[in-house]
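Reading the structure
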Amino acid sequence: MYMAKTILVSNRMSTSVARTADGFEFKQSMGGLATGLKSMHEREGSLWVGWSGLAADELTEDESAQIADTLKRDHKSVAVDLTSDDLDLFYYGFCNRTIWPLFHYFPTMTEYENETWDAYEQVNRTFFNRVMEVADEHDYIWVHDYHLMLLPQMLKEALPQSHIGFFLHIPFPSYEIFRLLPWRTELLRGLLGADLVGFHTYDYARHFLSSVRRILAAEHHMAQVRFDNRMIKVDAFPMGIDYEKYSTA
(Lines give C-alpha, C1' and ligand atoms only; values in the text may rest on other atoms or scores of the structure.)
Protein backbone atom coordinates (compact mmCIF):
# COMPACT_ATOMS: atom_id res chain seq x y z
CA MET A 1 0.00 0.00 0.00
CA TYR A 2 1.39 3.41 -1.01
CA MET A 3 2.05 5.83 1.86
CA ALA A 4 1.53 9.41 0.76
CA LYS A 5 4.43 11.74 1.51
CA THR A 6 4.51 15.46 2.21
CA ILE A 7 6.49 17.54 -0.27
CA LEU A 8 7.43 21.06 0.81
CA VAL A 9 8.23 23.40 -2.09
CA SER A 10 9.79 26.84 -1.70
CA ASN A 11 12.34 29.07 -3.37
CA ARG A 12 14.95 28.15 -0.75
CA MET A 13 14.91 24.82 1.06
CA SER A 14 15.78 24.28 4.72
CA THR A 15 19.39 23.47 3.80
CA SER A 16 21.66 25.98 2.06
CA VAL A 17 24.80 25.04 0.18
CA ALA A 18 27.88 27.26 0.04
CA ARG A 19 31.21 26.78 -1.68
CA THR A 20 34.24 26.83 0.63
CA ALA A 21 37.97 26.30 0.21
CA ASP A 22 37.47 22.69 1.34
CA GLY A 23 34.49 21.91 -0.89
CA PHE A 24 30.83 22.50 -0.10
CA GLU A 25 29.23 23.41 3.19
CA PHE A 26 25.67 22.32 3.99
CA LYS A 27 23.97 24.33 6.73
CA GLN A 28 20.48 25.25 7.88
CA SER A 29 18.92 28.13 5.98
CA MET A 30 18.10 31.27 7.91
CA GLY A 31 14.70 32.94 7.91
CA GLY A 32 11.21 32.36 9.18
CA LEU A 33 10.07 29.94 6.51
CA ALA A 34 12.90 27.46 7.03
CA THR A 35 12.70 27.78 10.83
CA GLY A 36 8.94 27.45 10.99
CA LEU A 37 8.79 24.35 8.78
CA LYS A 38 11.92 22.60 10.04
CA SER A 39 10.07 20.39 12.52
CA MET A 40 7.59 19.25 9.87
CA HIS A 41 10.42 18.46 7.49
CA GLU A 42 12.04 16.26 10.12
CA ARG A 43 9.01 13.97 10.19
CA GLU A 44 9.09 10.68 8.37
CA GLY A 45 7.82 10.77 4.81
CA SER A 46 8.68 14.37 4.00
CA LEU A 47 10.76 15.88 1.23
CA TRP A 48 11.81 19.48 0.51
CA VAL A 49 12.18 20.83 -3.02
CA GLY A 50 13.97 24.15 -3.54
CA TRP A 51 17.02 26.01 -4.78
CA SER A 52 20.32 25.11 -3.10
CA GLY A 53 21.79 28.61 -3.04
CA LEU A 54 24.35 28.07 -5.82
CA ALA A 55 23.77 29.04 -9.45
CA ALA A 56 23.70 25.97 -11.69
CA ASP A 57 25.90 27.57 -14.36
CA GLU A 58 28.67 28.06 -11.78
CA LEU A 59 28.86 24.33 -11.04
CA THR A 60 30.34 21.46 -13.01
CA GLU A 61 28.23 18.39 -13.72
CA ASP A 62 30.16 16.44 -11.09
CA GLU A 63 29.65 19.18 -8.50
CA SER A 64 25.92 19.34 -9.23
CA ALA A 65 25.67 15.57 -8.86
CA GLN A 66 27.62 15.67 -5.58
CA ILE A 67 25.35 18.36 -4.14
CA ALA A 68 22.20 16.55 -5.28
CA ASP A 69 23.36 13.27 -3.73
CA THR A 70 24.23 14.88 -0.39
CA LEU A 71 20.97 16.81 -0.21
CA LYS A 72 18.91 13.71 -0.96
CA ARG A 73 20.85 11.38 1.32
CA ASP A 74 21.45 13.59 4.36
CA HIS A 75 18.83 16.33 4.18
CA LYS A 76 15.76 14.79 2.51
CA SER A 77 15.92 17.56 -0.08
CA VAL A 78 15.81 17.88 -3.86
CA ALA A 79 17.67 20.73 -5.52
CA VAL A 80 16.14 22.85 -8.30
CA ASP A 81 18.73 24.13 -10.78
CA LEU A 82 18.54 27.90 -11.26
CA THR A 83 21.03 29.78 -13.41
CA SER A 84 22.49 33.23 -12.82
CA ASP A 85 20.09 34.63 -15.42
CA ASP A 86 17.16 32.97 -13.63
CA LEU A 87 18.18 34.64 -10.39
CA ASP A 88 18.62 38.05 -11.99
CA LEU A 89 15.29 38.08 -13.80
CA PHE A 90 13.08 35.84 -11.66
CA TYR A 91 14.31 36.51 -8.12
CA TYR A 92 15.93 39.94 -8.16
CA GLY A 93 13.62 41.01 -10.98
CA PHE A 94 9.98 39.93 -10.77
CA CYS A 95 9.94 38.71 -7.16
CA ASN A 96 11.90 41.57 -5.59
CA ARG A 97 11.04 44.49 -7.86
CA THR A 98 7.44 43.66 -8.76
CA ILE A 99 5.69 41.39 -6.27
CA TRP A 100 7.48 42.47 -3.08
CA PRO A 101 6.92 46.25 -3.32
CA LEU A 102 3.38 45.99 -4.73
CA PHE A 103 2.20 43.51 -2.07
CA HIS A 104 3.69 45.79 0.60
CA TYR A 105 1.78 48.83 -0.73
CA PHE A 106 4.62 50.60 -2.55
CA PRO A 107 3.09 50.91 -6.05
CA THR A 108 5.38 53.78 -7.04
CA MET A 109 8.39 51.53 -6.45
CA THR A 110 6.95 48.62 -8.47
CA GLU A 111 8.41 47.69 -11.86
CA TYR A 112 6.42 45.96 -14.60
CA GLU A 113 8.68 44.22 -17.11
CA ASN A 114 7.60 41.51 -19.56
CA GLU A 115 11.10 40.02 -19.45
CA THR A 116 11.01 39.41 -15.71
CA TRP A 117 7.46 38.04 -15.92
CA ASP A 118 8.57 35.57 -18.60
CA ALA A 119 11.40 34.47 -16.29
CA TYR A 120 8.91 34.05 -13.42
CA GLU A 121 6.77 31.75 -15.57
CA GLN A 122 9.82 29.80 -16.70
CA VAL A 123 11.19 29.26 -13.19
CA ASN A 124 7.78 28.15 -11.90
CA ARG A 125 7.81 25.62 -14.74
CA THR A 126 11.31 24.53 -13.71
CA PHE A 127 10.06 23.90 -10.16
CA PHE A 128 7.07 22.03 -11.55
CA ASN A 129 9.28 19.70 -13.57
CA ARG A 130 11.43 18.98 -10.51
CA VAL A 131 8.44 18.27 -8.28
CA MET A 132 6.99 15.93 -10.89
CA GLU A 133 10.14 13.82 -10.69
CA VAL A 134 9.42 12.96 -7.05
CA ALA A 135 5.65 13.39 -6.62
CA ASP A 136 2.94 10.76 -6.80
CA GLU A 137 -0.77 11.18 -7.43
CA HIS A 138 -1.91 11.12 -3.79
CA ASP A 139 0.94 13.06 -2.16
CA TYR A 140 0.48 16.21 -0.10
CA ILE A 141 2.28 19.08 -1.81
CA TRP A 142 2.69 22.31 0.15
CA VAL A 143 3.87 25.26 -1.95
CA HIS A 144 5.23 28.33 -0.21
CA ASP A 145 5.39 32.03 -0.87
CA TYR A 146 5.24 34.60 -3.62
CA HIS A 147 8.04 33.10 -5.69
CA LEU A 148 5.85 30.17 -6.77
CA MET A 149 2.32 31.49 -7.22
CA LEU A 150 1.87 29.81 -10.61
CA LEU A 151 2.97 26.38 -9.40
CA PRO A 152 -0.27 25.14 -7.73
CA GLN A 153 -2.22 25.29 -10.99
CA MET A 154 0.53 23.48 -12.89
CA LEU A 155 0.56 20.72 -10.30
CA LYS A 156 -3.22 20.36 -10.10
CA GLU A 157 -3.47 19.97 -13.87
CA ALA A 158 -0.83 17.22 -13.83
CA LEU A 159 -1.85 15.55 -10.55
CA PRO A 160 -5.59 16.16 -10.10
CA GLN A 161 -5.86 13.72 -7.18
CA SER A 162 -3.00 15.23 -5.20
CA HIS A 163 -3.58 17.41 -2.14
CA ILE A 164 -2.11 20.84 -2.81
CA GLY A 165 -1.71 23.65 -0.31
CA PHE A 166 -0.30 27.12 -0.73
CA PHE A 167 0.81 29.55 1.96
CA LEU A 168 1.76 33.18 1.38
CA HIS A 169 4.39 34.48 3.80
CA ILE A 170 3.89 38.16 2.94
CA PRO A 171 0.73 40.33 2.89
CA PHE A 172 -1.85 39.92 0.16
CA PRO A 173 -2.79 43.49 -0.79
CA SER A 174 -6.22 45.02 -1.24
CA TYR A 175 -7.96 44.64 -4.58
CA GLU A 176 -7.27 48.29 -5.39
CA ILE A 177 -3.52 47.59 -5.19
CA PHE A 178 -3.50 44.07 -6.62
CA ARG A 179 -5.40 45.11 -9.75
CA LEU A 180 -2.43 47.29 -10.77
CA LEU A 181 -0.55 44.11 -11.66
CA PRO A 182 -0.77 43.34 -15.42
CA TRP A 183 -0.55 39.60 -14.70
CA ARG A 184 -3.17 39.59 -11.93
CA THR A 185 -5.39 37.02 -13.68
CA GLU A 186 -2.55 34.56 -14.22
CA LEU A 187 -1.44 34.76 -10.58
CA LEU A 188 -4.96 34.25 -9.21
CA ARG A 189 -5.51 31.25 -11.47
CA GLY A 190 -2.17 29.87 -10.36
CA LEU A 191 -3.08 30.15 -6.69
CA LEU A 192 -6.51 28.61 -7.21
CA GLY A 193 -4.84 25.42 -8.38
CA ALA A 194 -4.37 24.71 -4.67
CA ASP A 195 -7.03 22.97 -2.59
CA LEU A 196 -6.22 25.16 0.40
CA VAL A 197 -4.81 28.71 0.25
CA GLY A 198 -3.46 30.10 3.51
CA PHE A 199 -2.50 33.56 4.74
CA HIS A 200 -1.14 35.01 7.97
CA THR A 201 -4.24 37.12 8.75
CA TYR A 202 -7.94 37.27 7.95
CA ASP A 203 -7.44 40.66 6.29
CA TYR A 204 -5.07 39.08 3.76
CA ALA A 205 -7.55 36.26 3.12
CA ARG A 206 -10.35 38.80 2.67
CA HIS A 207 -8.29 40.80 0.18
CA PHE A 208 -7.58 37.64 -1.79
CA LEU A 209 -11.26 36.66 -1.90
CA SER A 210 -12.20 40.15 -3.04
CA SER A 211 -9.69 39.99 -5.90
CA VAL A 212 -10.87 36.53 -6.92
CA ARG A 213 -14.48 37.70 -7.12
CA ARG A 214 -13.76 40.97 -8.95
CA ILE A 215 -11.11 39.73 -11.37
CA LEU A 216 -12.17 36.13 -12.05
CA ALA A 217 -15.89 36.52 -11.24
CA ALA A 218 -15.52 33.47 -8.98
CA GLU A 219 -18.01 33.51 -6.15
CA HIS A 220 -17.19 32.37 -2.64
CA HIS A 221 -19.22 31.35 0.39
CA MET A 222 -17.85 30.84 3.88
CA ALA A 223 -14.32 31.36 2.50
CA GLN A 224 -14.71 28.61 -0.08
CA VAL A 225 -14.22 29.56 -3.72
CA ARG A 226 -15.97 27.73 -6.54
CA PHE A 227 -13.68 27.75 -9.57
CA ASP A 228 -13.19 25.35 -12.50
CA ASN A 229 -15.66 22.86 -10.98
CA ARG A 230 -13.61 22.70 -7.78
CA MET A 231 -13.96 24.09 -4.27
CA ILE A 232 -10.91 25.87 -2.87
CA LYS A 233 -10.77 26.68 0.84
CA VAL A 234 -9.20 29.96 1.94
CA ASP A 235 -8.23 30.60 5.56
CA ALA A 236 -5.83 32.35 7.92
CA PHE A 237 -3.10 30.33 9.65
CA PRO A 238 -0.84 32.57 11.79
CA MET A 239 2.53 30.89 11.45
CA GLY A 240 4.55 29.90 14.48
CA ILE A 241 7.40 27.60 15.40
CA ASP A 242 7.85 24.37 17.34
CA TYR A 243 7.73 26.08 20.76
CA GLU A 244 8.81 23.06 22.82
CA LYS A 245 11.84 22.48 20.63
CA TYR A 246 13.17 26.03 20.93
CA SER A 247 12.15 26.71 24.55
CA THR A 248 14.19 23.72 25.75
CA ALA A 249 17.19 24.37 23.51
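That block above? That's the structure.
A separate point is the overall build of the chain. Counting its regular elements, the chain contains 9 helices and 11 strands. Taking 249 residues into account, the globule formula puts the C-alpha radius of gyration at 18 Å, and the chain, at 18 Å, falls close to it. If you line up the chain on its principal axes, its C-alpha atoms span 55 × 45 × 40 Å. Looking at the 249 residues of the chain, the share that counts as buried comes to 48%. Relative to all contacts within the chain whose residues are 6 or more apart in sequence, the contacts with residues 24 or more apart total 74%. About 12,600 Å² of surface is accessible on the chain, with carbon and sulfur atoms providing 50% of the total. Both charge centroids of the chain, one from 23 positive and one from 35 negative side chains, sit 8 Å from each other.

Cys 95 marks where helix H3 (residues 84-103) bends most, by close to 40 degrees. Turning to H3, its buried residues number three or more, namely Asp 86, Leu 87, Phe 90, Gly 93, Phe 94, Cys 95, Thr 98, Ile 99, Pro 101, Leu 102 and Phe 103. In this structure, the buried side of H3 is in contact with strand E1 (6-12), strand E4 (46-51), helix H4 (114-134), helix H6 (175-178) and helix H7 (184-191). Just downstream of H3 lies Tyr 105, where phi reads positive at about 70 degrees.

On the surface, Asp 57, Glu 58, Asp 85, Asp 88, Glu 113, Glu 115, Asp 118, Glu 121 and Glu 186 cluster together into a patch of negative charge. Among the secondary structure elements, those contributing two or more residues to the negative patch are H3 and H4. Per element, the largest residue contribution to the negative patch is 3 residues, and it comes from H4. Here Glu 186 lies in helix H7.

Take unusual backbone geometry next. With a phi close to 80 degrees, Asp 145 is a non-glycine residue in the positive phi region. With respect to the helices and strands, Asp 145 occurs in the loop between strand E6 (140-144) and helix H5 (151-158). With phi around 50 degrees, Asp 228 is a residue other than glycine that occupies positive phi space.

This paragraph deals with the pairing of strand E7 (residues 163-167). Counting buried positions along E7 yields 4 of 5 residues, so the element is predominantly enclosed. The parallel pair E6 and E7, bridged by H5, forms a crossover whose chirality is right-handed. In the sheet, E7 pairs with strand E8 (residues 196-199) via 3 bridges, with the strands oriented parallel. Across the sheet, Phe 166 pairs through a bridge with Val 197, a residue of E8.

The next subject is the packing of aromatic side chains. Inspection of the entire model under this criterion finds 14 aromatic pairs. Considering the side-chain rings of Phe 94 and Tyr 120, the 4.7 Å spacing of their centres and the 45 degrees angle between planes classify their relative orientation as tilted. In this pair, Phe 94 is assigned in helix H3 and Tyr 120 in helix H4, connecting sequence segments 26 residues apart. Look at Phe 94 and Trp 183: their rings are 5.5 Å apart centre to centre, the planes differ by 70 degrees, and that puts the pair in the edge-to-face class. In this pair, Phe 94 sits in helix H3 while Trp 183 sits in the loop between H6 and H7, placing the two residues 89 residues apart along the sequence. Judged by its relative accessible area of 0%, Phe 94 is buried. Exposure remark for Trp 183: the relative accessible area of 7% places this residue in the buried category. Through a chain of ring-to-ring contacts, three or more aromatic side chains come together here, namely Phe 90, Phe 94, Trp 117, Tyr 120 and Trp 183. If you follow Arg 125 out to its NZ or CZ, it ends over the ring of Phe 128, 5.2 Å from the centre.

Rules of the game
In every chain, residue numbers begin from 1 and rise along the written sequence. Side-chain atom pairs in this predicted model are given and counted only at pLDDT of 80 or more, local residue features only at pLDDT of at least 70, and totals for whole chains, interfaces and linings cover all residues. Excluded from the side-chain calculation are hydrogens and water; included are all heavy atoms of the structure. Only DSSP runs of H or I with at least four residues qualify as helices, and only runs of E with at least two residues qualify as strands; both kinds are numbered from the N terminus onward. Atoms considered for the radius of gyration are the C-alpha atoms alone. The globule rule reads 2.2 Å times the number of residues to the power 0.38. Residue exposure (1.4 Å probe, protein chains only): buried if accessible area is under 20% of the type maximum, exposed if over 50%, otherwise partly exposed. Contacts were defined at the residue level, with two residues in contact if any of their heavy atoms lie within 4.5 Å. The accessible surface values rely on the Shrake-Rupley method and a 1.4 Å probe; as for residues, cover is taken only from the protein chains in view. Residues scored as positive are Lys and Arg, those scored as negative are Asp and Glu, and His as well as the terminal groups of each chain are ignored. In plain terms, the charge of a residue is placed at NZ if it is Lys, CZ if Arg, CG if Asp and CD if Glu. What the bend at a residue measures is the angle between two axes, fitted to the seven residues ending there and to the seven starting there. Like charges are joined within 9 Å and nonpolar side chains (Val, Leu, Ile, Met, Phe, Trp, Tyr) within 5 Å, but only among residues with over 30% relative accessible area and no salt bridge; these make up the patches. In what follows, salt bridge is the name for a side-chain nitrogen of Lys or Arg lying within 4 Å of a carboxyl oxygen of Asp or Glu. By convention, orient the strands away from the viewer: a clockwise path from the first strand over the helix to the second makes the crossover right-handed. Two strands form a pair only when DSSP identifies at least two bridges running between them. Stacked, edge-to-face and tilted labels apply to pairs of Phe, Tyr and Trp rings (six-membered ring for Trp) whose centres lie within 6.5 Å, assigned for plane angles under 30 degrees, over 60, and everything in between, in that order. A ring has a charge above it when a Lys NZ or an Arg CZ is no more than 6 Å from the ring centre and no more than 35 degrees off the ring normal.

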